[in-house]
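# Results of the structural survey
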There are 2 protein chains.
Amino acid sequence: MRPLFHPSIEDVSVEAILHALSDPVRVAILVEIVGAACSQNCSNFLQVNDKDIPKSTLSQHFKALREAGLIRGERKGVEMHNTSRCAEIEQRFPGLILAIVNAHNIQSRDRRRSGRKRKPIS
Amino acid sequence: MRPLFHPSIEDVSVEAILHALSDPVRVAILVEIVGAACSQNCSNFLQVNDKDIPKSTLSQHFKALREAGLIRGERKGVEMHNTSRCAEIEQRFPGLILAIVNAHNIQSRDRRRSGRKRKPIS
DNA sequence: TCAATAGTTCATAAATTCAGAACTAATGAA
DNA sequence: TTCATTAGTTCTGAATTTATGAACTATTGA
């Protein structure tokens, strides 16, 4: 299988980062990968924000994150190990990822408070 | 003519902001509006980064920026006065716009240094 | 009333995204 | 080896989004 493409850090563009993170599923994936102690495989995300994501779609989302330079994916046996490249990006664009993740957190908190997206009491 | 739509600040979403600013023309417009002492009309941007932008396209770009909550547009006689809403957004998502504009500046500087996008010596 | 200016809307072609189906690659068991 | 399983990618067509020329609207000034 052909090796996955990863841009070198100097080829990472702000446009690509912003585009990648303008999708709520991709932000959720990145936040999870950043926060996790160990690398994450794709199948951990077949459910995101209470929504089922088909695995072909998920694969495209991971590709988008990889090609934007936000994560690194390494095939380890049968599964993929995904790790964040945020430290490199922090070097190149200081404060960018933090500000975006932070803004997303503020938004989620506000939405919870105002009662949007609340799970129905089953 | 029907009045232009502007979202209230609590309806502004991170996704919409990031999507709006994932386009280089729109970032350039926003940066210009933020940096300008007075409000800017659309026709100031028929050329952006040495590229001609058709006015219908430009109109859509301004609409995208308005509907993302990044700028406010007011019709003043025959032309439109566009002003930034960054102060409001700073209240809601501290540091976000600054980090993005900053990252774009770093990228432009790097590109100039590495010789990309250099105008041919005519 | 007419022409000029500034910008929007419409229509359609081009590009992008989504998701099911088929495929590939690695592993483990028989 | 061969088969089944698991994890993920690629293919393909449908749906959505974007870009832009052409037509349109609104305001101003002559």
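Residues numbered from 1 in each chain as written. Chains lettered and ligands numbered in written order. Predicted model: local features only at pLDDT ≥ 70, side-chain atom pairs only at ≥ 80, totals over all residues. Heavy atoms only, no water.

In the annotation of an unreviewed UniProt entry, the entry for chain A reads DNA-binding transcriptional ArsR family regulator, and the organism field reads Silvibacterium bohemicum.

With that settled, consider the interface of chain A and chain B. In this assembly, 25 residues from chain A lie in contact with 25 residues from chain B. Here chain A and chain B share an interface that buries about 2000 Å² over both sides, 61% of which is from carbon and sulfur atoms. It is Glu15, Leu18 and Gln107 of chain A in chain A that bury the most area against chain B; as a group they hold 27% of the surface buried on that side. In this assembly, chain A and chain B are joined by 2 salt bridges. Between chain A and chain B we count 6 residue pairs in polar contact (both at pLDDT 80 or more) in total. Every element with two or more residues in the side of chain A that touches chain B is listed here: helix H1 (14-20) and helix H5 (96-113) of chain A. In terms of residue count, the dominant contributor to the side of chain A that touches chain B is H5 of chain A (9 residues). (Contact = heavy atoms within 4.5 Å. Buried area = accessible area lost by both parts, 1.4 Å probe. Salt bridge = Lys/Arg side-chain N within 4 Å of Asp/Glu carboxyl O. Polar contact = N/O pair within 3.5 Å; in protein donor to acceptor, adjacent residues only side chain to side chain. Helix = DSSP H or I, 4+ residues; strand = E, 2+ residues; numbered from the N terminus.)

A few words now on the nonpolar core. Of all hydrophobic cores here, the largest spans 59 residues; its most connected members are Leu21 and Leu70 of chain A together with Leu21 and Leu70 of chain B. Tallying contributions element by element places helix H5 (residues 96-113) of chain B first for this core, with 7 residues. Ignoring any residue separated from it by four or fewer positions in sequence, one finds Leu70 of chain B in contact with Ile17, Ala20, Leu21, Leu30, Leu65, Ser84, Arg85, Cys86, Ile89 and Ile97 of chain B. (Core = buried A, V, L, I, M, F, W, Y, C linked by side-chain atoms within 4.5 Å. Buried < 20%, exposed > 50% of the residue type's maximum accessible area, 1.4 Å probe, protein only.)

When chain A is fitted onto chain B, the two copies agree to an RMSD of 0.1 Å after a turn of 180° and an axial shift of 0.0 Å. Expressed as a symmetry operation, the mapping of one chain copy onto the other fits a two-fold axis. The overlap is high: 100% of the interface residues of chain A also sit at the interface in chain B, so the same surface is used on both sides. (Least-squares fit on C-alpha atoms with pLDDT ≥ 70 in both.)

Here we come to the protein's contact with DNA strand C. Around DNA strand C, the structure places 21 residues, and the nearest of them are His19 and Ser56 of chain A together with Ser43, Lys55 and Ser59 of chain B. Close to the protein, within 4 Å, the atoms of DNA strand C belong to sugar or phosphate groups at a rate of 62%. Between a phosphate oxygen of DNA strand C and a main-chain N or O atom of Cys42 of chain B, the distance comes to 3.0 Å. At a separation of 3.2 Å, a sugar or linking oxygen of DNA strand C approaches a polar backbone atom of Val78 of chain B. Looking at the surface near DNA strand C, the element that brings in the most residues is helix H3 (residues 55-67) of chain B, giving 5 residues. Class assignment for the residues of the surface near DNA strand C results in 6 nonpolar, 10 polar and 5 charged. (Near = heavy atom within 4 Å. Nonpolar A, V, L, I, M, F, W, Y, C, P; charged D, E, K, R; others polar.)

Evaluated as defined, the whole model comprises 8 salt bridges over all chains. Here Arg92 of chain A makes a salt bridge to Asp110 of chain B, at a shortest N to O gap of 2.4 Å. Highlighted residues: Arg92 of chain A in helix H4 (residues 86-92) and Asp110 of chain B in helix H5, drawn from two different chains. You can call Arg92 of chain A buried: its relative accessible area is 14%. Each of Arg72, Arg85 and Glu88 of chain A takes part in one network of salt bridges that share partners.

Attention now moves to the pairing of strand E4 (residues 79-84) of chain B. Residues and elements named next belong to chain B. Bridge count between strand E3 (residues 71-76) and E4: 6 bridges; the pairing is antiparallel. When the sheet's bridge partners are listed, Lys76 is paired in E4 with Glu79. Turn length for the E3-E4 hairpin, with the two strands adjacent in sequence and antiparallel, is 2 residues, and the turn residue Gly77 shows positive phi of about 65°. (Pairing = 2+ DSSP bridges.)

What follows deals with unusual backbone geometry. Notably, Asn49 of chain A is not glycine yet its phi reads approximately 50°, a positive angle. Relative to the helices and strands, Asn49 of chain A resides in the loop between strand E1 (47-48) and strand E2 (51-52). One non-glycine residue, Asp50 of chain B, lies in positive phi territory at about 65°. Along the chain, Asp50 of chain B turns up in the loop between strand E1 (47-48) and strand E2 (51-52). Taking relative accessible area as the criterion, Asp50 of chain B reaches 51% and is therefore assigned exposed.

What follows deals with the side chain of Arg26 of chain B. Residue and element names in this part refer to chain B. Within the element layout of this structure, Arg26 appears in helix H2 (residues 24-35). As a buried residue without a salt bridge, Arg26 has its nearest oppositely charged side chain in Asp23, at a separation of 4.3 Å. There is a polar contact of 3.4 Å between the side chain of Arg26 and the backbone oxygen of His19. Discounting chain neighbours no more than four positions away, the residues touching Arg26 are His19, Ala20, His61, Ala64 and Leu65. (Lys, Arg positive; Asp, Glu negative; His and termini not counted.)

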